[in-house]
Each structure stands twice: as structure tokens, then as C-alpha cells.
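Chain residues, written in single-letter form:
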Amino acid sequence: SDFMDIYLMRHCLFSIGTSSGIMDLSIVFDRPGLFVNCVPLGYSLWGKYSVVIPKKMRRSSGEYVNFAAMLERLKDRNE
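Residues numbered from 1 in each chain as written. Predicted model: local features only at pLDDT ≥ 70, side-chain atom pairs only at ≥ 80, totals over all residues. Heavy atoms only, no water.

Student: Give me the pattern of salt bridges: which residues, what numbers.
Tutor: Under the defined criterion, the tally for this structure stands at 1 salt bridge. As a salt-bridge pair, Arg-59 and Glu-63 come within 3.9 Å of each other at their nearest N and O atoms. Among the residues examined, Glu-63 registers a relative accessible area of 46% and is labelled partly exposed. (Salt bridge = Lys/Arg side-chain N within 4 Å of Asp/Glu carboxyl O. Buried < 20%, exposed > 50% of the residue type's maximum accessible area, 1.4 Å probe, protein only.)

So, in C-alpha cells, the structure goes:
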């Protein structure tokens, strides 16, 4: 039920999930959480007790974009 979803997130010790949906409740209730495959990087809000693992991104050529390049692009976009 909807009530039980909220109750479990309020009383959990740790949660694991993606950067959408019910994991937002872990931020609201200040519960530690692991966010995996987060896209886009820098768009979502994460709590002070959160660990974030971004999604691996590929260029059209098939090569992976390294994390430093993703952060640089984010920095350029926010300036």
C-alpha cells in the first residue's frame, strides 16, 4: 500500500535504489541511501547521507565517457 511504502522509507536504516521515485523519501526523512545509475548527473537532489553512483555514459562511437569529463561538462553547463 502507499502508506506502507512511506512507513518503510521512514523507518529503514539504509535504502538502495535509482535516482527517481520512492528514493526521494530517503532524502525527506534523512535516511542514508545508495543511489545507483543516476542520470543526469547533477540534476537530482541527494541527501547529506547519500552515496551516488552515476550511470556509465557512452559516446555515439561506443567509447565510455570518463567521470572527469562528465563533471567538466556539468560545470560548463552551470556557468
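Student: Please provide a residue-by-residue account of the sheet that holds strand S2 (residues 33-38), values included.
Tutor: Strands pair in a sheet through their backbones, by hydrogen bonds, and they do so in one of two ways: parallel or antiparallel. Taking strand neighbours across the sheet as the criterion, the 3 strands line up as S1-S2-S3 in an open arrangement whose pairing is parallel. Strand pairing shows two members of the sheet lacking a second neighbour, strand S1 (15-17) and strand S3 (50-54), which therefore form its edges. For this sheet, the mean inter-axis angle between neighbouring strands, taken without regard to orientation, is 10°. Pairing of S1 with S2 involves 3 bridges; the strand directions are parallel. The partner of Gly-17 across the bridge, within S2, is Phe-35. (Pairing = 2+ DSSP bridges. Helix = DSSP H or I, 4+ residues; strand = E, 2+ residues; numbered from the N terminus. Axes fitted to C-alpha atoms, helices over the stretch in contact; angles between N-to-C directions.)

Student: Please give an account of the pairing of S2 that cites residues and values.
Tutor: Alignment of S2 against S3, held across 5 bridges, turns out to be parallel. Each residue of the ladder has a partner; that of Val-36, found in S3, is Ile-53.

Student: Residue-level account of the side chain of Ser-50, with values.
Tutor: Tracing the sequence through the fold places Ser-50 in strand S3. Once residues within four sequence positions are removed from consideration, Ser-50 is found in contact with Gly-33 and Phe-35. (Contact = heavy atoms within 4.5 Å.)

Student: Before we move on, can you summarise a nonpolar patch on the surface with the specific residues and values?
Tutor: There is a patch of nonpolar side chains on the surface, built from Phe-3, Met-4, Tyr-7 and Leu-8 and spanning about 440 Å² of accessible area. With respect to the helices, strands and loops of the structure, Phe-3 is situated in helix H1 (residues 2-11). Residue classification places Phe-3 among the exposed positions, given a relative accessible area of 61%. (Patch = residues over 30% accessible without salt bridge, like charges linked within 9 Å, V, L, I, M, F, W, Y side chains within 5 Å. Areas by Shrake-Rupley, 256 points an atom, 1.4 Å probe, with all protein chains shown as cover.)

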